[in-house]
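# Fold and geometry: a report
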Amino acid sequence: MKTRRMMYAAGILVLFTLAAAGCGGGSGTPASGGNEGTREILIGHAFPDNMAPLGTAYAAMGEYVSEKTGGTLTFTQAANGSLVDDSNFIDGIMDGVVDMGHCLVTYAGGVIPEAACLGIPGYFGGSDWLAFCEDVRKPLSDIYAKYDLYYFGADYQATGTFVSSKKQVVTPADVVGQIIRASGTDLANAIELWGGSPTVMGLGDCATALERGTIDAMYTSYTLIGQQHFYELAEYVSTTPICETWGSTVIRMETYNSLTDEQKKAVDEAALLYSAQAQDDYQAIKEQYDEDIDEYGASAYALTPEEALAFTDKCKPLFETFGQSTNELGLELLKVIYKHNNWEWTF
């Protein structure tokens, strides 16, 4: 993985040497105020500004663009949901409350339906997430541009995780008979295809539900398993390479277009570095959670990409339904999913 990250970063200079002449833009006005002679991009999200992988990745990108522009462009975080969180981010960015931030497809799918397939578990379950990021950049850029949004980059959303009080989940057969908490319709549909019984429940109710046996298991991101100590309530932890949903960062197109050529170039370069940075920062906190789970004595198992295929393939009907109802922009994105899952293209 480290080799690909090095190749990924090295390719940026080549790409932007070729692309620099195509960067337009003008003087405009500061994105969100700032001191005279400087421009500020205001980033809104629900996480602490020092928390990996989002807050720390935003900070790293801010340092990058500041250095590349000689301090004329800065990123400022409105963290902890102080201005917007995932649930109201689309309205917040379209209304100009913030310039940039975390766009979770779970909440954005109704407004941006062409990207809704990235809310279905199993859109990626392989071993090379950065390659997937490279492949979806063009179709996602086209989709978000339709809604006056500039696509910045993908957050790392892999290692979707089962935590169960009943058994170690390694195959779909292990899900059968379990009542599993789902965060929304897409995950509930996937759980049904895996053979489980989904129940949609807010995150705040999960600890009590696990303690009381109202639910047998839940499937969510590994970071939440670690942060919320769910492994203390359900002893079997099974990490997967399957992404539960899609999180990405976008910028208001009006803000991006107001930047100078030099500032745009710095933002574009930072955008290509962002996904690798987010993955690195995630890995750092995962190592700590791994230690916490091991120290507590929970039973942990990591599914291989080959083992995860049994889950991913069962979700294929959900992607087929999406493909039958979407437009050309959605189909271009779906092609990338089919490619990485080694599915035959039938549309």
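The preceding data block contains the structure.
Here goes a summary of the coordinates provided. Bear in mind that the values here come from a model prediction, so they are computed numbers and not experimental data. (Residues numbered from 1 in each chain as written. Predicted model: local features only at pLDDT ≥ 70, side-chain atom pairs only at ≥ 80, totals over all residues. Heavy atoms only, no water.)

## So, the environment of Ile 285
Mapped onto the elements of the fold, Ile 285 is located in helix 10 (residues 261–296). The exposure class assigned to Ile 285 is buried, which follows from its relative accessible area of 18%. Between the C-alpha atom of Ile 285 and that of Ala 52, which follows or precedes it by 233 residues, the distance is 6.9 Å. Contacts of Ile 285, omitting those with residues within four sequence positions, involve Ala 52, Pro 53 and Thr 223. (Helix = DSSP H or I, 4+ residues; strand = E, 2+ residues; numbered from the N terminus. Buried < 20%, exposed > 50% of the residue type's maximum accessible area, 1.4 Å probe, protein only. Contact = heavy atoms within 4.5 Å.)

## What about the pattern of salt bridges?
Tallied over the entire structure, the rule returns eight salt bridges. One salt bridge connects Lys 146 with Glu 114, and the closest N-O pair in it is separated by 2.6 Å. Of this pair, Lys 146 sits in helix 5 (residues 129–146) while Glu 114 sits in the loop between helix 4 (105–108) and helix 5, placing them 32 residues apart in sequence. With a relative accessible area of 46%, Lys 146 lands in the partly exposed category. On the basis of relative accessibility, which here comes to 2%, the residue Glu 114 falls in the buried class. Residue Glu 254 is joined to Arg 252 by a salt bridge in which the shortest nitrogen-to-oxygen separation is 2.9 Å. Residue Glu 254 is classed as exposed on the basis of its relative accessible area of 57%. The exposure class assigned to Arg 252 is buried, which follows from its relative accessible area of 17%. (Salt bridge = Lys/Arg side-chain N within 4 Å of Asp/Glu carboxyl O.)

## Here we look at the pairing of strand 6 (residues 179–182)
Each regular strand carries side chains that alternate between the two faces of the sheet. In this structure, strand 6 lies alongside strand 7 (residues 197–200), joined through four bridges in parallel fashion. What sits directly across from Ile 180, in strand 7, is Pro 198. In this sheet, strand 8 (residues 217–221) lies alongside strand 6 in parallel orientation, the contact comprising two bridges. When the sheet's bridge partners are listed, Arg 181 is paired in strand 8 with Met 218. (Pairing = 2+ DSSP bridges.)

## Re helix 5
Given a rise of 1.5 Å per residue, 18 residues ought to cover 26 Å, and the 25 Å separating the end C-alpha atoms of helix 5 matches this to within 8%. Taking the largest bend as the criterion, helix 5 deviates by roughly 40 degrees, centred on Arg 137, and proline Pro 139 comes between one and four positions later. Of the residues making up helix 5, those classed as buried are Trp 129, Leu 130, Ala 131, Phe 132, Cys 133, Val 136, Arg 137, Pro 139, Leu 140, Ile 143 and Tyr 144. Of the residues one or two after helix 5, Asp 148 is the one with positive phi, at around 60 degrees. (Expected span 1.5 Å × (residues − 1). Bend = angle between axes of the 7 residues up to and from the residue.)

## What to know about the sheet that holds strand 11 (residues 299–302)
Spatially, 7-6-8-5-9-11 is the arrangement adopted by the six strands of the open sheet, whose pairing is mixed. Looking at the sheet topology across the chains shown, the edges are occupied by strand 7 and strand 11. Adjacent strand axes in the sheet meet at a mean angle of 25 degrees when their direction is disregarded. (Axes fitted to C-alpha atoms, helices over the stretch in contact; angles between N-to-C directions.)

## Topic: the sheet that holds strand 1 (residues 39–44)
Spatially, five strands are ordered 2-1-3-10-4 in an open sheet, and the strand pairing comes out mixed. Looking along the sheet, the strands with just one partner apiece sit at the ends: strand 2 (73–78) and strand 4 (149–154). Shown here is a sheet whose adjacent strand axes are inclined to one another by a mean of 30 degrees, direction ignored. With two bridges joining them, strand 1 and strand 3 (residues 100–104) adopt parallel strand pairing.

## Topic: the packing of aromatic side chains
The final tally for this structure, using the stated rule, is 22 aromatic pairs. On the basis of an interplanar angle of 10 degrees and a centroid distance of 4.0 Å, the ring pair of Tyr 150 and Tyr 256 is categorised as stacked. A residue pair is termed long-range when its members are at least 10 positions apart, and Tyr 150 in strand 4 and Tyr 256 in helix 9 (residues 253–257) qualify at 106 residues. Seen in terms of ring centroids, Phe 162 and Tyr 219 are 4.5 Å apart; in terms of plane orientation they differ by 50 degrees. Their pairing is tilted. Within this pair, whereas Phe 162 is found in strand 5 (residues 160–164), its partner Tyr 219 is found in strand 8, the two being separated by 57 residues in sequence. Relative accessible area serves as the criterion here: at 1%, Phe 162 is assigned to the buried category. (Phe/Tyr/Trp six-rings, centres within 6.5 Å; stacked < 30°, edge-to-face > 60°.)

## Observations concerning unusual backbone geometry
Its identity as a non-glycine residue notwithstanding, Asn 80 has a phi of 60 degrees, on the positive side. Locating Asn 80 in the fold gives a position in the loop between strand 2 and helix 3 (89–94).

This is a description of form; function is not addressed.
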